Number of protein chains: 2
Amino acid sequence: MKYTVKITKNNHNDVISRIMDIGNNEIVSFAGGIPSPELFPKNEFQKVQIKLLKDEVENMFLHSPVTGYNELKKEIKNLMLNREVRISTNNIMITSGSQQGLDLIVRAFVNPNDIILVEEPTFFGAIQLFEALGAEIVAVPVDEYGIQVDALEYLINKLKPKFIYSIPNFQNPTGITMSLERRYELISIIEKYGIPLIEDDPYGELRYEGKDLPSLKALDKNDYVIYLSTFSKVISLGLRVGWIVAPERVINKLSSFKQLTDLHVNTLSQHMICEFLKQSYYENHIKRIKKEYTFKRDLMIKELEKNFTEVEFYKPQGGFYLWCKFPNSIDLNLLLKKSIKNKVNYIPGNSFYAKNKEKSNFIRLNFTYPKRKEIVTGIKRLRNSLDEIIKKEMY
Amino acid sequence: MKYTVKITKNNHNDVISRIMDIGNNEIVSFAGGIPSPELFPKNEFQKVQIKLLKDEVENMFLHSPVTGYNELKKEIKNLMLNREVRISTNNIMITSGSQQGLDLIVRAFVNPNDIILVEEPTFFGAIQLFEALGAEIVAVPVDEYGIQVDALEYLINKLKPKFIYSIPNFQNPTGITMSLERRYELISIIEKYGIPLIEDDPYGELRYEGKDLPSLKALDKNDYVIYLSTFSKVISLGLRVGWIVAPERVINKLSSFKQLTDLHVNTLSQHMICEFLKQSYYENHIKRIKKEYTFKRDLMIKELEKNFTEVEFYKPQGGFYLWCKFPNSIDLNLLLKKSIKNKVNYIPGNSFYAKNKEKSNFIRLNFTYPKRKEIVTGIKRLRNSLDEIIKKEMY
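Residues numbered from 1 in each chain as written. Chains lettered and ligands numbered in written order. Predicted model: local features only at pLDDT ≥ 70, side-chain atom pairs only at ≥ 80, totals over all residues. Heavy atoms only, no water.

### Examining the overall build of chain A
Item 1. A tally of helices and strands in chain A yields 13 helices and 14 strands.
Item 2. For a compact globule of 395 residues, the expected C-alpha radius of gyration is about 21 Å, and chain A comes in at 21 Å, within 12% of that figure.
Item 3. Seen through its C-alpha atoms, chain A measures out along the principal axes to roughly 70 × 60 × 55 Å.
Item 4. When each of the 395 residues of chain A is scored for burial, the buried share is 64%.
Item 5. Residue pairs in contact within chain A that sit at least 24 positions apart in sequence constitute 77% of those at least 6 positions apart. (Helix = DSSP H or I, 4+ residues; strand = E, 2+ residues; numbered from the N terminus. Rg over C-alpha atoms; globule rule 2.2 N^0.38 Å. Buried < 20%, exposed > 50% of the residue type's maximum accessible area, 1.4 Å probe, protein only. Contact = heavy atoms within 4.5 Å.)

### Some details on the packing of helix α10 (residues 267-278) of chain A against helix α10 (residues 267-278) of chain B
Item 1. Close contact between α10(A) and α10(B) brings their axes to 8 Å; oriented N to C, the two are set at 120°. Relative to α10(B), the element α10(A) is oriented oblique. Like other packed secondary-structure pairs, α10(A) and α10(B) cross with a definite hand, here right-handed. Counting all contacts with α10(A), which are made through A:Leu268, A:Ser269 and A:Met272, the residues of α10(B) involved are B:Leu268, B:Ser269 and B:Met272.
Item 2. Residues of the contact of α10(A) with α10(B), tallied by class, amount to four nonpolar, two polar and no charged. (Axes fitted to C-alpha atoms, helices over the stretch in contact; angles between N-to-C directions. Parallel < 35°, antiparallel > 145°, perpendicular 65-115°, else oblique. Left-handed = near helix turned anticlockwise from the far one by under 90°. Nonpolar A, V, L, I, M, F, W, Y, C, P; charged D, E, K, R; others polar.)

### A closer look at the side chain of A:Ser64
Item 1. By secondary structure assignment, the location of A:Ser64 is in the loop between α2 (42-55) and α3 (70-82).
Item 2. A polar contact of 2.7 Å, which involves the side chain of A:Ser64, links it to the side chain of A:Thr267. (Polar contact = N/O pair within 3.5 Å; in protein donor to acceptor, adjacent residues only side chain to side chain.)

### Quick notes on the packing of aromatic side chains
Item 1. Counted according to the given criterion, the structure contains 38 aromatic pairs over all chains.
Item 2. Taking 5.1 Å as the distance between ring centres and 40° as the angle between the ring planes, the aromatic pair formed by A:Phe61 and B:Phe45 counts as tilted. Of the two residues, A:Phe61 is situated in the loop between α2 and α3 and B:Phe45 in helix α2 (residues 42-55); the pairing between them involves two chains.
Item 3. Judged by centre distance (6.4 Å) and plane angle (65°), the rings of B:Tyr208 and B:Phe367 are edge-to-face. Of the two residues, B:Tyr208 is situated in the loop between β7 (197-200) and α8 (216-219) and B:Phe367 in the loop between β14 (362-366) and α13 (372-394); the sequence distance between them amounts to 159 residues.
Item 4. By the ring-pair criterion, three or more aromatic residues cluster together here, those being A:Phe40, A:Phe45, A:Phe276, A:Tyr281 and B:Phe61.
Item 5. Of note, A:Arg372 hangs over the ring of A:Phe295, and the distance from its end group to the ring centre comes to 3.5 Å. (Phe/Tyr/Trp six-rings, centres within 6.5 Å; stacked < 30°, edge-to-face > 60°. Lys NZ or Arg CZ within 6 Å of the ring centre and 35° of its normal.)

### What to know about the packing of helix α4 (residues 97-109) of chain B against helix α5 (residues 124-132) of chain B
All names here are of chain B.
Item 1. The N-to-C vectors of α4 and α5 enclose an angle of 25°; their axes lie 10 Å apart at closest approach. The angle between the axes of α4 and α5 places the two elements in the roughly parallel class. Seen along the crossing, α4 lies across α5 with a hand that is right-handed. Counted together, Gln-99, Leu-102, Asp-103 and Val-106 of α4 and Gly-125, Ala-126, Leu-129 and Phe-130 of α5 form the full contact between these two elements.
Item 2. In terms of residue class, the contact of α4 with α5 is made up of five nonpolar, two polar and one charged.

### Here's the deal with the domain arrangement of chain A
Residue and element names in this part refer to chain A.
Item 1. Per the domain assignment, the segments making up chain A are domain 1 (12-41 + 283-394) and domain 2 (62-280).
Item 2. Here the C-alpha centre of domain 2 lies 25 Å away from the C-alpha centre of domain 1.
Item 3. Residue-level contacts link 38 residues of domain 1 with 33 residues of domain 2.
Item 4. Summing both partners gives a buried area of about 3200 Å² for domain 1 against domain 2, and 61% of it is carried by carbon and sulfur.
Item 5. It is Tyr-314, Gln-317 and Phe-352 that lose the most area in domain 1 upon contact with domain 2, and together they represent 20% of the buried surface on that side.
Item 6. Run the count over domain 1 and domain 2 and you get three salt bridges.
Item 7. Between Lys-315 and Glu-209 there is a salt bridge, and its shortest N-O distance comes to 3.7 Å.
Item 8. Taken together, the links from domain 1 to domain 2 amount to twelve residue pairs in polar contact (both at pLDDT 80 or more).
Item 9. Going through the elements one at a time, α1 (12-20), α11 (281-307) and β11 (321-325) are the ones with two or more residues in the side of domain 1 that touches domain 2.
Item 10. Sorting elements by how many residues they give to the side of domain 1 that touches domain 2 places α11 first, with eight residues. (Domains from an automatic or database assignment. Buried area = accessible area lost by both parts, 1.4 Å probe. Salt bridge = Lys/Arg side-chain N within 4 Å of Asp/Glu carboxyl O.)

### Remarks on the sheet that holds strand β11 (residues 321-325) of chain B
All names here are of chain B.
Item 1. Overall, antiparallel pairing links the four strands, which are arranged β10-β11-β14-β13 in an open sheet. Each edge of the open sheet carries a strand with a single partner, namely β10 (312-313) and β13 (347-348).
Item 2. Relative to β11, β10 is paired through two bridges, and the arrangement is antiparallel. Paired with Glu-312 across the two strands is Lys-325, which belongs to β11.
Item 3. Against the sheet, helix α11 (residues 281-307) makes contact with β10, β11 and β14, and its axis sits at roughly 15° relative to β11, the strand it touches most. (Pairing = 2+ DSSP bridges.)

### Observations regarding the relation of the copies chain A and chain B
Item 1. The two copies are related by a screw motion: chain A maps onto chain B through a turn of 180° and a shift of 0.0 Å along the axis, at an RMSD of 0.0 Å. The transformation relating the two chain copies, once decomposed into turn and shift, fits a two-fold axis.
Item 2. A shared interface surface links the copies, since 100% of the contact residues of chain A are contact residues in chain B too. (Least-squares fit on C-alpha atoms with pLDDT ≥ 70 in both.)

### Here we look at the interface of chain A and chain B
Item 1. Tallying the contact residues gives 75 residues for chain A and 75 residues for chain B.
Item 2. With both sides pooled, the region where chain A packs onto chain B buries about 6600 Å², and carbon together with sulfur makes up 63% of that total.
Item 3. For A:Glu58, the salt bridge goes to B:Lys42, with nearest N and O atoms at 2.8 Å.
Item 4. Secondary structure elements with two or more residues in the side of chain A that touches chain B: α1, α2, α4 (97-109), α5 (124-132), α9 (248-262) and α10 of chain A.
Item 5. Residue contributions to the side of chain A that touches chain B peak at nine residues, all from α9(A).
Item 6. The residue inventory of the side of chain A that touches chain B, partitioned by class, reads 41 nonpolar, 22 polar and twelve charged.

### Concerning the nonpolar core
Item 1. Counting residues in each nonpolar core, the largest one holds 140 residues, and the members touching the most others are A:Phe231, A:Leu365, B:Phe231 and B:Leu365.
Item 2. In contact with A:Leu365, other than residues within four places in its own chain, are A:Phe30, A:Met300, A:Leu304, A:Phe320, A:Tyr321, A:Leu322, A:Cys324, A:Tyr346, A:Ile379 and A:Leu382.
Item 3. One finds A:Ile137, A:Leu260, A:Tyr353 and B:Val110 within the second-largest nonpolar core, a separate group that totals 76 residues. (Core = buried A, V, L, I, M, F, W, Y, C linked by side-chain atoms within 4.5 Å.)

### Concerning the pattern of salt bridges
Residues and elements named next belong to chain A.
Item 1. Inspection of the entire model under this criterion finds 52 salt bridges over all chains.
Item 2. Across the salt bridge formed by Arg-297 and Glu-209, the nearest N and O atoms sit 2.9 Å from each other. You can see Arg-297 sitting in helix α11 and its partner Glu-209 sitting in the loop between β7 (197-200) and α8 (216-219), a full 88 residues away along the chain.
Item 3. Look at Arg-297 and you get buried, because its relative accessible area is 1%.
Item 4. A salt bridge links Asp-387 to Arg-383, with the shortest nitrogen-to-oxygen separation between them at 2.8 Å. Taken together, the residues span about one helical turn, with Asp-387 and Arg-383 both in helix α13 (residues 372-394) at a distance of four residues.
Item 5. Overlapping salt bridges, with partners in common, bring together Glu-209, Arg-297, Asp-298 and Lys-315 in one network.

### Observations concerning the environment of B:Ile330
All names here are of chain B.
Item 1. For Ile-330, the location among the structural elements is in the loop between β11 and α12 (332-341).
Item 2. Take Ile-330: its relative accessible area is 10%, and that puts it in the buried class.
Item 3. In this structure, the C-alpha to C-alpha distance between Ile-330 and Ile-390, residues 60 residues apart in sequence, is 8.0 Å.
Item 4. Leave out the neighbours within four places in its chain, and Ile-330 touches Leu-386 and Ile-390.

### Let's talk about the environment of B:Tyr346
Residues and elements named next belong to chain B.
Item 1. With respect to the helices and strands, the residue Tyr-346 is situated in the loop between β12 (344-345) and β13.
Item 2. With relative accessibility at 0%, the residue Tyr-346 sits in the buried group.
Item 3. Looking at Tyr-346, its side chain comes within polar contact range of the main-chain nitrogen of Leu-336, at 3.3 Å.

Next comes the structure, spelled out in structure tokens:
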């Protein structure tokens, strides 16, 4: 039997599969965008479950409203207030992670051949999704203050994009945080040209140094920003709970697609996270993971500095990743092969480019998922892998 | 700000919202495709949760493989063996309910303007999804033995459809079960013309009388059938766990889209259902709900017969629904308005037609969700609503 297949064949699937299907304990993985399993708030969730089993066993297995469990929406409304965004629960839709939020937005509003402007480099899950749904991706360069607004304005004028997609906090993969000035400039441009912007903010809570900056949504007075966030990076990826903040009419449109896709987010996860927030476990948990992730970030930086003189990287103020630049002379395809043989895994930089993949001499290293000692071992293995290539080239 | 919206405006959204956002206890709802909350296996799930909290709290919040938790796939493999389908776990993908299964299949394999043949009438969630994704739906008539194969063959020849979509067991909304002979004829036609078929089987376990018939997938020797099922109708809608059975290469393609959509089904629900199956709670639970649903079906039939002489309906051998035909003289739009005013809710028949909506003088009544006494009250309210119309017409 023949099935016609629409999806473009590329290396992205392979990349995500490698991240998701972790399980080989011999391999040190710097590949995932996954929180540390050791820091999962096990005791708190045991308490939450025991309470729910007692008080809410009737409700936690029933269907939920399409846009989400209302009590959880109230908790998220409060979280958003901490992020300086004042909304009603009607501005919120709960999604199966922010990946689904992105999927719903594109399905509802983007037509084939519409242009989406993205930071270059950017999250491969977004690139792959936009491509699969037939959008054309145009990359906007990024410097250490975030998206370059002059280039952005030029491209808006030239291309009339449907959306801009941005990760302002601890960007994936670069770790760069958009400066306050850039945020104001960006908002002023999207208001001037009337172009909606998708703000993807999975890492915003995870700042290890410096001051919190207002989200783009907080600066957006005219409803041009659709904000996405998730509990996947701070509580549990497996629970699959994220959310969208948007004008009510946008939430209503998205809810049509949510119904078609899978009716609603599973009720059990929504109740668990809601109770976790209600019991005020959240704040302490965030404090705890920030402390450990700061340690791990600094440890990885130390090990990189100790083992590599030829690699440059940016020190991120938060988030999950180090974005490491190798000399152009190094064949990064070969490095990946050697590294996998030597049992250390990461994501090659070209996965984060829609086009110009050949330009990339970067790799992305995640420092939250591996254990402390694995960070040390893994960086050594990476060093050995690089040595094997260099030696080979000498003969 | 302007967002272009692709979704067709029709009454479907409204219908699903009405079903999902139940919560007003004064209204008797015959609208939902929802299992009885009273029959939820509360004690069993409490035991399951306590066991998981003790033994697996590490794993139940972690990410899962894209195609699903392997232990659950093994359990589903065994379930499928009971349904006479012999497969490996590589033929299974776990989905967020079978609605997501359908969504993934259409996204992966159907292009805009492709034709999908469906039974008329059929599940509105499928109609709405196919339309939203740009497919053209062509209806094939159904008689009391299921889809009419002569008409089907004629339409295949004429239209070269991409897929056939069928619900052979206790069809939604008609309750009709496809006869064994028809099943063989259907398989022979799809093999002759090489047209893949989506078999949607959410109700197959819920037979109240007569003998189980082999699924189309069990009769399909050449991989033309993609089979969908779910735990939503037999255990819990809120857990959002369904599955797809298909050739491995199809599962691989679907998994690309699953990754893009929401990475994987939430791990917690997968572990809960897996443990429920492992502990052999499933069989007893099915026995228990079949007994109660048989009673409710018979009670609703009795009340309909007592209160209505002008309404005809089909007695289904299983499933969730009575499909009731009203005289053509009755204005069913008016009946719906009166019914909602009188606090009884159901789905008007025209929701189950892609075209020819005006042809429908049916309504669909669900007998599993309402309590026994609500069935009695609700049918009386429906009678009163009809009386109000008839009286009005007399003057």
